[in-house]
Amino acid sequence: AAVSPAGAEAPSSGEAHLAARRASRDFISGILSGAQCSEAAVASVRALVHESIARSIAPGILQRARETAIDHYVRSQDVTVQARAVSRALYARASVTESPAYQAALAGWTMRVLLRSAANIIGDDPGKRNSCFRAGADYVRRNSLPRPIVQLCPEAGGVASWFPSDGSRR
């Protein structure tokens, strides 16, 4: 064994290597036994378990969904079953979209969108904003929608030709 300057024997390279290994093992186990490392390990194990469970259950869920929803209609040999399913779906959709309440709501929504869009366009352009809202005695701003022109001349085929000429009601 080699002698150190202080007079003590220096450890051999094998003993030094073992001591270094023990020190590094103690250091790593000290880090790994910490609270943050333990929490990360628990989260990692949970994620792995969830992933493996999901992999095992997913094919069964998809198989059952396919059997109940798709196979009955798509793989059925009876064409009438398919026709009835399509007819029911179309009737249900048409009853909603063709109802007067839906049509009125759609028309109201469309008008609100159009008016909001027009207000945004006028508000964003300074020239349009000034011409629309300028004040002055020579400028009269229209406050209503334009009225359609109706021709009342009966000889021209206008609206007046629809009514009797003697003034009586039909």
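Going by the structure above, here's the rest.
Computed from a predicted model, the values in this text were never measured in an experiment.

So, the overall build of the chain
The secondary structure content of the chain amounts to 5 helices and 0 strands. For the chain, the N- to C-terminal ordering of α and β elements is α-α-α-α-α. Taking all contacts inside the chain whose residues are at least 6 apart in sequence as the whole, residues at least 24 apart take part in 0%. Carbon and sulfur atoms provide 62% of the accessible area of the chain, an area that totals close to 15,000 Å².

Thoughts on a nonpolar patch on the surface
A cluster of nonpolar side chains, namely V45, V49, I53, I57 and I61, defines an oily patch on the protein surface of about 410 Å² accessible area. The residue V45 is located in helix α2 (residues 35–74) in this model.

Side note on the packing of helix α4 (residues 100–124) against helix α5 (residues 126–133)
As a packed pair, α4 and α5 sit with axes 5 Å apart at the nearest point and diverge in direction by 105°. Between α4 and α5, the crossing angle belongs to the class labelled roughly perpendicular. Contacts between α4 and α5 involve I121, I122, G123 and D124 from the former and P126, K128, R129, C132 and F133 from the latter. Class assignment for the residues of the contact of α4 with α5 results in 5 nonpolar, 1 polar and 3 charged.

Focus: the pattern of salt bridges
As enumerated under the stated definition, the model contains 1 salt bridge in all. Among the salt bridges present, the one from E51 reaches R55, with a minimum N-O distance of 2.5 Å. Highlighted residues: E51 and R55, both in helix α2, separated by 4 residues, approximately one helical turn. Residue classification places R55 among the exposed positions, given a relative accessible area of 59%.

About the criteria used
All residue numbers refer to position in the chain's written sequence, counted from 1. It should be noted that, the model being predicted, local features are given only for residues of pLDDT at least 70 and side-chain atom pairs only at 80 or more, the latter also being counted only at that level, while totals for whole chains, interfaces and linings use all residues. Side-chain figures throughout are based on the complete set of non-hydrogen atoms in the structure, without hydrogens or water. The helix and strand labels rest on DSSP assignments: H or I over at least four residues marks a helix, E over at least two residues marks a strand, and numbering proceeds from the N terminus. Whether two residues are in contact is decided by their heavy atoms, any of which lying within 4.5 Å being enough. The accessible surface values rely on the Shrake-Rupley method and a 1.4 Å probe; as for residues, cover is taken only from the protein chains in view. For patch building, the residue pool is restricted to those with more than 30% relative accessible area and no salt bridge; the joining distance is 9 Å between like charges and 5 Å between nonpolar side chains (Val, Leu, Ile, Met, Phe, Trp, Tyr). Between Lys or Arg on one side and Asp or Glu on the other, a salt bridge is scored when a side-chain nitrogen of the former is within 4 Å of a carboxyl oxygen of the latter. Every axis corresponds to a line fitted to the C-alpha atoms, with the helix fit spanning only the stretch in contact, and the corresponding angles, defined between N-to-C directions, vary from 0 to 180 degrees. In these notes the angle categories are as follows: under 35 degrees is roughly parallel, over 145 is roughly antiparallel, 65 to 115 is roughly perpendicular, and the rest is oblique. Classification used: nonpolar for Ala, Val, Leu, Ile, Met, Phe, Trp, Tyr, Cys and Pro, charged for Asp, Glu, Lys and Arg, polar for all others including Gly. Burial here depends on accessible area, computed with a 1.4 Å probe over protein chains only, as a share of the maximum for the residue type. Under 20% is buried, over 50% is exposed, and the range in between is partly exposed.

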